[in-house]
Amino acid sequence: MHIAVVGTGYVGLVTGTCLAEMGNSVICIDNDEDKVNRMKSGEVPIYEPHLNILFERNIKAKRLRFTTSLEEALDFGNIVFLALPTPEKKDGSADLSYITKVVQDIGDLIEDYKVIVNKSTVPVGTAKLVKEIISKRTSVDFDVVSNPEFLREGVAVDDFLRPERVVIGSSSQKAIEIMKRLFKPYLRNNNPIFVMDEASAEITKYASNSFLATKITFMNEIANFCERVGANVDMVRTAMGADQRIGKQFLYPGIGYGGACFPKDLKALHKLGKDYGYNFAVLDAVIKVNEKQKVILFPSMESYFKNDLKAKKIAVWGLSFKPETDDIREAPSLYMIDELLKKGSKINAFDPEAIPNVRRKYGNKLQYGKDMYDVVEGADALLICTEWAIFRNPNFERIKSLMNVAVIFDGRNLFDTIEMKELGIYYQSIGR
Ligand SMILES: NC(=O)c1ccc[n+]([C@@H]2O[C@H](COP(=O)([O-])OP(=O)(O)OC[C@H]3O[C@@H](n4cnc5c(N)ncnc54)[C@H](O)[C@@H]3O)[C@@H](O)[C@H]2O)c1
Ligand SMILES: O=c1ccn([C@@H]2O[C@H](COP(=O)(O)OP(=O)(O)O[C@H]3O[C@H](CO)[C@@H](O)[C@H](O)[C@H]3O)[C@@H](O)[C@H]2O)c(=O)[nH]1
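Note that the structure is predicted; figures quoted are calculated from it, not measured. (Residues numbered from 1 in each chain as written. Chains lettered and ligands numbered in written order. Predicted model: local features only at pLDDT ≥ 70, side-chain atom pairs only at ≥ 80, totals over all residues. Heavy atoms only, no water.)

**Regarding the overall build of the protein chain**
Here's step 1: Scanning the protein chain for helices and strands turns up 17 helices and 14 strands.
Here's step 2: Relative to its length of 432 residues, the protein chain is compact, with a C-alpha radius of gyration of 23 Å against a globular reference of 22 Å.
Here's step 3: Counting contacts in the protein chain only where the partners sit at least 6 residues apart, residues at least 24 apart contribute 73% of the total.
Here's step 4: For the protein chain, the distance from the average position of its 58 positive side-chain charges to the average position of its 58 negative side-chain charges is 2 Å. (Helix = DSSP H or I, 4+ residues; strand = E, 2+ residues; numbered from the N terminus. Rg over C-alpha atoms; globule rule 2.2 N^0.38 Å. Contact = heavy atoms within 4.5 Å. Lys, Arg positive; Asp, Glu negative; His and termini not counted. Charge placed at Lys NZ, Arg CZ, Asp CG, Glu CD.)

In structure tokens:
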């Protein structure tokens, strides 16, 4: 099939590449000229495991190419995916301006039948809006599909190639058949395609993210309470997770959820509720609890240093919002760093992939280490914000010999509390 993907960010580039991987011919469009030039020269502009292998082989096979021209893309693609940003507006709602702009251009450029597929996370009514915008500008036949994306950064390629489910929201039987044909090769083990109306598809995405964020937040509150009463959240978590109705996943407490999705999507659903006269009380609480959770280790650090964090050297391990990505959008690490900077601490940070993005935001307000041991040299404390695999089994003797005093604040519960005690390391984690 001939496909155009508009927007080549974390979703668009993975979508385009993985569609090419299944034998489709794909053209990816972005209005960031520099990004397009980098991709044309063979560079993957983001860090996403395994993406480079698929990217290279599909370019080589001429199934994948890049352009800044929407016109060229529409000439080529019969199915047009929108993978455009829907960032948070000041009032919490999703900013649809990227989508409406592109859709207006599509309305002006469309010359033959297209299926316009929205992969961005959008509020109820967006598919209807897209239809209205295009219909006003052309009499050419087209259909609109809501096809929310559920991939996770860090495992995005695998999630796209082997989705647990595909959701298709459309009122056009013709478009539904085209989408079913496109996605059938990705569905193994009888994983389902759910066909529904557009509004239900749009809600499914927000509801899924909100449920997952609620699960994490519930566990964060249990962890905070465990700390207060001297219980161990690891034991509580594993025993709870053994109940299949609860499940083991997304029960890991820590310094809150971050990323390009959960924070903005919860706020968008909450605001959408308000617009329709419905108060999502649970979401309101989740959003508030998570705001606090992102900096939950800060009071502990202040108290350890007797309210004197000025000029204290703090090493930070992990800057990205989760492991195996360079994405720092809404990363809890940045909230902790902001608090520490306000108090005059000196930060020396290390992350396997996210340093270039952090450097663009903070410049020389921070120091950046060349590896995880480099940053702990002469440090008064080590703060762990992201559970990259390389942090899980470090050389503690080396850390002890490099640090001023062996002090670890761990926002991801990486180490055994008893082992830390035996090693003579002051260790504060979450809920243990
Ligand atoms: N990141 C994720 O893990 C994820 C997963 C599922 C769904 N989503 C949703 O998918 C959407 C995209 O998210 P993302 O993380 O890929 O965003 P992103 O910011 O990484 O990528 C968006 C891309 O669109 C490009 N763009 C902006 N305006 C354009 C225009 N007029 N023409 C062409 N290109 C344009 C940008 O240059 C950028 O490359 C959002 O709605 C998001 O909520 C994201
Ligand atoms: O037990 C857990 C699991 C996750 N997190 C945190 O939750 C955030 C989000 O993690 P994750 O869901 O793994 O990453 P995302 O790439 O943001 O993926 C989410 O957001 C995407 C964008 O909408 C969806 O497509 C995915 O299905 C959804 O999982 C991160 O900060 C994690 O550290 C926890 O604190 N504890």
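**Some words on the site of ligand 1**
Here's step 1: If you check the shell around ligand 1, you find 25 residues, and the closest are D30, K35, T86, E153 and K264.
Here's step 2: Y10 is positioned with one of its backbone polar atoms (N or O) 3.1 Å from an oxygen atom of ligand 1.
Here's step 3: One nitrogen or oxygen atom from the side chain of E153 is found 2.8 Å from a nitrogen atom belonging to ligand 1.
Here's step 4: In isolation ligand 1 exposes 840 Å². Once the protein is present, 89% of that is buried.
Here's step 5: Within the residue set of the shell around ligand 1, elements represented by two or more residues are α1 (10–21) and α5 (97–109).
Here's step 6: Counted by class, the shell around ligand 1 contains 10 nonpolar, 7 polar and 8 charged residues.
Here's step 7: Counting residues domain by domain, the shell around ligand 1 receives three or more from each of domain 1 (2–196) and domain 2 (205–293). (Near = heavy atom within 4 Å. Polar contact = N/O pair within 3.5 Å; in protein donor to acceptor, adjacent residues only side chain to side chain. Areas by Shrake-Rupley, 256 points an atom, 1.4 Å probe, with all protein chains shown as cover. Nonpolar A, V, L, I, M, F, W, Y, C, P; charged D, E, K, R; others polar. Domains from an automatic or database assignment.)

**Points about the pattern of salt bridges**
Here's step 1: Going through the model one piece at a time under the given rule, you end up with 26 salt bridges.
Here's step 2: Across the pair K264 and D265 runs a salt bridge, and its minimum N-O distance is 2.7 Å. With respect to burial, K264 and D265 carry one shared label: buried.
Here's step 3: Across the salt bridge formed by E302 and K343, the nearest N and O atoms sit 3.6 Å from each other. Linking E302 in helix α13 (residues 297–304) with K343 in the loop between α14 (332–342) and β10 (346–350), this pair joins segments that are 41 residues apart in sequence.
Here's step 4: Looking at E302, the relative accessible area reads 17%, which means it is buried.
Here's step 5: Linked by salt bridges that have partners in common, D91, K271 and D275 make up one network. (Salt bridge = Lys/Arg side-chain N within 4 Å of Asp/Glu carboxyl O. Buried < 20%, exposed > 50% of the residue type's maximum accessible area, 1.4 Å probe, protein only.)

Just distances and angles here, no functional claims.
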